[in-house]
Amino acid sequence: MGIRGLMSFVEDHSNEFFTDLKLRDTKIIIDGYALFHRLCFNSNLELRYGGDYDSFAEVVENFFESLFACNICPYVVLDGGCDISDKKLITLKDRAREKIQMAHSLSIGGGGCVCPLLIREVFLQVLIKLQVCFVQCFSEADQDIMTLANHWNCPVLSSDSDFCIFDLKTGFCPLNGFQWRNMNTIKGTQNYYIPAKCFSLDALCHYFSNMNKALLPLFAVLCGNDHINLPIIETFLSKVRLPLRATSSKGRRHHRVLGLLNWLSHFADPTEALDNVLKYLPKKDRENVKELLCCSMEEYQQSQVKLQDFFQNGTYVCPDALNLGLPEWVLVALSKGQLSPFISDALVLRRTILQTQVENMQRPNAHKISQPIRQVIYGLLLNSLSHVENMSWSALPHQPLAFSEVERIHQNIKTSIVHAVELPKDHSDLSKLTKVSFVRRKMLLLETLKVKQTILEPIPTSLKLPIAVSCYWLQHAEAKAKLHHLQALLLGMLMGPLHAIINSPRKEELQEDGAKMLYEEFQRVKELTWPGRRLDLDTAHIFCQWQSCLQMGMYLNQLLSTPLPEPDLTRLYSGSLVHGLCQQLLTSASVESLLSMCPEAKQLYEHLFNATKSYAPAELFLPKGKSNSKKKRKKKKGTTWSKNRVGTASDPRCLYEGSNRFGLLMVENLEEHTEATNTE
C-alpha cells in the first residue's frame, strides 16, 4: 500500500516527526519487498542489461552483515499474491504501465528504475544462504508486519508510508534514514550501532492539535491509498474547506495531506468525522461509501495472522487462505517462499501479471516465448481452481479453463486469455502432486522444456535446470539467438564454478591461478559494458527471452517439488558480463582464447555447449557472410570455424572424448559447493 504524498510530507517535517536512534541489540521486522527494491535501486547497480545478480547479492549480503555486526536480529516479511478481492488491480495495472515507460527509457539510454526479472528469487537465495529468518505472506504483508512488530515490541524497517498510520509500539524506521553503510561505535566501546530515524505517531498527532490517532486510518483512505480511489471522494474534497497552515513548504503537493489532517483534528473520533464526510455526498451514495470507507479503514487494524507462530514453529494460520480450501502443502510452500506469488495469483485469481524487462518494445513481449511453460503450470493448478470456486469444471469438457495474463504490448498493457494444457490423470489433483513419483515429475518438467534426460547427464547438478531451459530457449526464441549469444550465455555460467574453485580447499589441485585469471578477466569484461555503452536492443531482447524461460522453468520446477535442483542465481547470470562477452566475441576474442588459461573451465564449457548445440537451429552455426562465396566453400572443406571468430572449443562437431582430470574435479567441486550452500 501507500498514501499519496504522506512520506514526502513527514520527511519535510523531519525535526517534528522523527527521533534519532542508535540501533543495536534488537529484533527488527523488515518489509522484504521494500528492502530489495531499495537495495536494487540505491546501490549504483547496472539495470539495463537484465540484472547483475552477483553484484546485487553482494549488496544484500553487506546489508545483513551490518545488522549482524550491531547484534540486530532481522525478520524479513515478504508480500505474497494479490488479495482475493483484487481491490488493488487498478493500481497494479497503473504501475505496470509506469514500469513499461521506465523500461523503455532505460532501453534507449535514459534513466529509470526497473527491477531485473529474477531479483526477488536472488534476494530469497541470499536470505537462505545467510540463514536470515523470513516468511512469505499469503497476500499483502503490511498488517501482518505491524502485528508481529507490536507482539515483539520492535521497530519496523520499510519505505511504505502506511507505516506512518499503523499504531506501532516501537516505531517505524524509514529505509531513507537507515544508514547501514555508516555503522558507528558507541564511545568508549567496540559496540557497533546503525544511525537511524524513527517516526513518531504521537509526534504527528501532537503537531495536529493532539488529534486522536484513531482518526488516521480515515485520513489514509480519504487521502487515497493503493486500495481505494473513489471519484466520489473528490466530490467531498471539492466541497469541504480544508484548513491549511502557512508552514506547507511544498504548496499544492502537500495541500491534501496538510488540509485533511488539519480538518480531521477537529473531530473527537472516526465516527463523528465519517458522519461529517458523508454529509457532503449525495444521499443515494452515502451508505455505499460509508461501507467502503469502513472496510478500508479496517486494513489498519490488528491482523488475525500470528507470524510469530511461523518463526517459532514453522507454520502459521492464515484465515483467508484456509477459507479457500487450498492444499496444505501449497500453503506451507508459499509461506516458506518455495512457491512464487505468481503461483498463488494464478491459483486464486486465475490471473497473472507478467513483469516487463528492458527489452525491445517494438517486438512481442519477451514472455511470449515461455507461454507454453505457463500453460503447463496452469494445467497443474486446474484441480484446485475447481475447489476454489466451489464448482465442477468437468461439466465443461470442451471449454479449457482460461487464465488472464496482463502483458506488455508495445508501450502499453493488455490482458490476454491463455488456456491451460490438459495433463495426465496422475498430475490432475494438485493436493496429491507431491505424491507423484519423482520420475514422473521429472519427466513432465523435461517434456515441457522439450529436452532429453540423456543430454543433461554430463552437466553438473546445479546447472541442469539452466541448461534444460537454454535448450528450450534455443528452440522457441522469437528473436533468434546467434552463436555468440549462446557462447556468451554459457561462458557467463562459468562464474559460479570459477568462484567455487577459487574458494575451494583443493585450490592447488584445481590450478587456482588459471581459475582466478579467468575470473578476473570476466570481471574486466563486465566493467567495460558500463557506464555509457549503448544497449544492443536485439541482444537485450534475446536474453530477456532466456530469463523469462528460466523464471517460468523455475516456477514449474518448484511446483513439481524440484525434480531438478534449483540453480544458484547469484552467479548464474550477470547481464553486464554476458553483454560484454557478446561484444568481445563479435570483435576480437574467441571462446578458445578466453578459456585457454583455465583447462577446467574449458572442459565444463564444452559439456554445456555440447548439451545445448543439438537443440539449436542449424542456422546458428552457419558462417557469417554470404553462404555462396568461394572463400566460404573452401573454408568449409577445411577448418569450418575461424579461430578469431569462434574457436575450436565452440565447434559443434567438437565432442568431448575421454576424461579430463581437471574438468571432472571442477564438476565435483561445483556440486560439493552447491550442496554445502543448499545445506546452509
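Anything mentioned here points back to the structure above.
Just so it is clear, the structure is predicted and the values come from calculations on it, not from any experiment. (Residues numbered from 1 in each chain as written. Predicted model: local features only at pLDDT ≥ 70, side-chain atom pairs only at ≥ 80, totals over all residues. Heavy atoms only, no water.)

S.K.: I'd like a rundown of the packing of aromatic side chains, residues and numbers included.
M.R.: Under the defined criterion, the tally for this structure stands at 27 aromatic pairs. Here the aromatic rings of Phe36 and Phe123 are separated by 5.5 Å at their centres, their planes lie at 50 degrees, and the arrangement is tilted. One end of the pair, Phe36, is in helix α3 (residues 32–41); the other, Phe123, is in helix α6 (residues 119–130), with 87 residues separating them in the sequence. Look at Phe36 and you get buried, because its relative accessible area is 3%. Looking at Phe123, the relative accessible area reads 0%, which means it is buried. Their ring planes at 20 degrees and their centres at 5.9 Å tell us that Tyr605 and Phe609 sit as a pair that is stacked. One end of the pair, Tyr605, and the other, Phe609, are both in helix α28 (residues 599–613), 4 residues apart, so they sit about a helical turn from each other. Summarising the burial analysis for this pair, Tyr605 and Phe609 share the class buried. In textbook terms, an aromatic cluster arises when at least three aromatic residues are bridged by ring pairs, as seen for Tyr75, Trp152, Phe310, Phe311 and Tyr316. One Lys or Arg, Lys27, reaches over the ring of Trp152 and ends 4.0 Å from the middle of that ring. (Phe/Tyr/Trp six-rings, centres within 6.5 Å; stacked < 30°, edge-to-face > 60°. Helix = DSSP H or I, 4+ residues; strand = E, 2+ residues; numbered from the N terminus. Buried < 20%, exposed > 50% of the residue type's maximum accessible area, 1.4 Å probe, protein only. Lys NZ or Arg CZ within 6 Å of the ring centre and 35° of its normal.)

S.K.: Tell me about the pairing of strand β10 (residues 402–409), residues and numbers included.
M.R.: Judged by how many residues are buried, β10 sits mostly within the fold: 6 of 8 residues are covered. Examined bridge by bridge, strand β9 (residues 351–353) and β10 share 3 bridges and lie parallel to one another. Pairing of Ile353 across the sheet is with Val406, part of β10. Examined bridge by bridge, β10 and strand β11 (residues 412–419) share 8 bridges and lie antiparallel to one another. In the strand pairing of β11, Glu405 is matched with Ser416. Hairpin connection of β10 to β11: 2 residues between the antiparallel strands, including His410 at a positive phi of 55 degrees. (Pairing = 2+ DSSP bridges.)

S.K.: Kindly report on unusual backbone geometry, identifying the contributing residues and their values.
M.R.: The backbone of Ser209 sits at a positive phi, close to 55 degrees, despite the residue not being glycine. Looking at the secondary structure, you find Ser209 in the loop between α8 (201–207) and α9 (216–223).

S.K.: I'd like to hear about the side chain of Ser158, residue by residue, with values.
M.R.: Position of Ser158 among the secondary structure elements: in strand β5 (residues 156–158). Classification of Ser158 by relative accessible area gives buried; the value is 0%.

S.K.: Please set out the packing of α3 against α6 residue by residue, giving values where relevant.
M.R.: Their axes nearest at 11 Å, the elements α3 and α6 cross at an angle of 105 degrees. In terms of orientation, α3 lies roughly perpendicular with respect to α6. Of the residues in α6, those in contact with Gly32, Leu35, Phe36 and Cys40 of α3 are Ile119, Arg120 and Phe123. (Axes fitted to C-alpha atoms, helices over the stretch in contact; angles between N-to-C directions. Parallel < 35°, antiparallel > 145°, perpendicular 65-115°, else oblique. Contact = heavy atoms within 4.5 Å.)

Don't take any of this as a statement about function, it's just geometry.
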